Amino acid sequence: MTVLIEVPAIVMHMASQFTSHDESKEGITCVHLQQTNNGLRVASTNGHFAFRCVVPYDPLCSIIHDRAVDNNEMLLPAFAFKKKVAYAHKVIIGNGEAKFIGGRKDTMDMLETRPCKASEWSFPGHFDSLWPDPASMNNAPAAPVTVNADYMRIICDTAAKFSGNGLIKMHFADSAHSAMLLTASMDNLRLEMLLLPVMV
């Protein structure tokens, strides 16, 4: 089966920052891609915080295959995207490689190629059910919320470097023990990040 996926390089780089470094955790050391009706969902987690972004199908995001992709999803090693490729506009993933395309302004040159073989591990099937609806969050946790400072730093760095205005919106539930939803925007994309509180 031939599968070529084109996706904005910066989205893959962002997602790779939210994966686990523990190789024994298999699927959550990877970035998960899944086809949806609205676009390609890019997702990752280390079990304590998570990233999600749906990229609409357009010239920077497409999927070409000679038959249906199994379950319409693919799991890719995060190490292929951890280090940002300067000026990369998109990455073409297929045939065991990730090819970074871009350049200054609107140039579309080949910048770098990295090994990127799809993983046979599985991504948590309940991932999307973890995400709360912002409309259902009353932003009144009734007690201080304790979070891991390093995870919060990664979330804030992501928003500071890549969001359109450097701002991030925090959504709280009615409990200090519920997940916190953080959202930001980049061009026409909605960036969603989930942070689980620390129980102290």
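The following paragraphs examine the structure supplied in this document. Keep in mind that this is a model prediction, so the values were computed, not measured.

## Points about the environment of Thr113
Logical step 1: Take Thr113: it is sitting in strand 9 (residues 109–115).
Logical step 2: Linking Thr113 and Gly102, residues eleven residues apart in sequence, is a C-alpha distance of 12 Å.
Logical step 3: The contacts of Thr113, once residues within four sequence positions are left out, are Glu97, Ala98 and Lys99.

## Some remarks on the nonpolar core
Logical step 1: Residues Val11, Met12, Phe81 and Ile93 are the most contacted members of the largest nonpolar core, which totals 44 residues.
Logical step 2: Ranked by size, the runner-up nonpolar core spans twelve residues in total, among them Ala43, Phe123, Phe127 and Trp131.

## Observations regarding empty space enclosed by the protein
Logical step 1: For the coordinates displayed, the defined rule picks out one cavity of 30 Å³ or more.
Logical step 2: As for the largest cavity, its lining consists of ten residues, of which Ile5, Ile63, Asn72, Glu73 and Met74 are closest to the centre.
Logical step 3: At the level of secondary structure, the elements contributing two or more residues to the lining of the largest cavity comprise strand 2 (30–35) and strand 6 (73–77).
Logical step 4: Among the elements that make up the lining of the largest cavity, the one with the highest residue count is strand 2 (three residues).
Logical step 5: Within the lining of the largest cavity, the residues separate by chemical class into six nonpolar, three polar and one charged.

## Quick notes on the environment of Met12
Logical step 1: One can find Met12 in helix 1 (residues 9–16).
Logical step 2: Apart from the residues lying within four places of it in its own chain, the contact partners of Met12 are Val7, Val31, Leu33, Val42, Leu76, Phe81, Val91 and Ile93.

## Here we look at the pattern of salt bridges
Logical step 1: Inspection of the entire model under this criterion finds nine salt bridges.
Logical step 2: The partner of Arg153 in a salt bridge is Asp157, with the nearest N and O atoms 3.2 Å apart. Here the residue Arg153 and the residue Asp157 both occupy positions in helix 2 (residues 149–162), the gap between them amounting to four residues, near one helical turn.
Logical step 3: Given a relative accessible area of 42%, Arg153 falls into the partly exposed group.

## Observations regarding the side chain of Arg114
Logical step 1: Among the structural elements, Arg114 can be located in strand 9.
Logical step 2: Exposure remark for Arg114: the relative accessible area of 10% places this residue in the buried category.
Logical step 3: Only 2.9 Å separates the side chain of Arg114 from the backbone oxygen of Lys83, close enough to count as a polar contact.
Logical step 4: Polar contacts involving the side chain of Arg114 include one to the side chain of Glu112, which spans 2.8 Å.
Logical step 5: Those residues in contact with Arg114 that sit more than four places away from it in its chain are Ala80, Phe81, Lys83, Lys84, Val85, Gly96, Glu97, Ala98 and Phe100.

About the thresholds
- Residues numbered from 1 in each chain as written.
- Predicted model: local features only at pLDDT ≥ 70, side-chain atom pairs only at ≥ 80, totals over all residues.
- Heavy atoms only, no water.
- Helix = DSSP H or I, 4+ residues; strand = E, 2+ residues; numbered from the N terminus.
- Contact = heavy atoms within 4.5 Å.
- Core = buried A, V, L, I, M, F, W, Y, C linked by side-chain atoms within 4.5 Å.
- Buried < 20%, exposed > 50% of the residue type's maximum accessible area, 1.4 Å probe, protein only.
- 1 Å grid on protein atoms, 1.4 Å probe; cavity = no way out; pocket = protein on both sides within 12 Å on 5 of 7 lines; lining within 4 Å.
- Points joined across faces, edges and corners; volume = space filled by probe spheres on them.
- Nonpolar A, V, L, I, M, F, W, Y, C, P; charged D, E, K, R; others polar.
- Salt bridge = Lys/Arg side-chain N within 4 Å of Asp/Glu carboxyl O.
- Polar contact = N/O pair within 3.5 Å; in protein donor to acceptor, adjacent residues only side chain to side chain.

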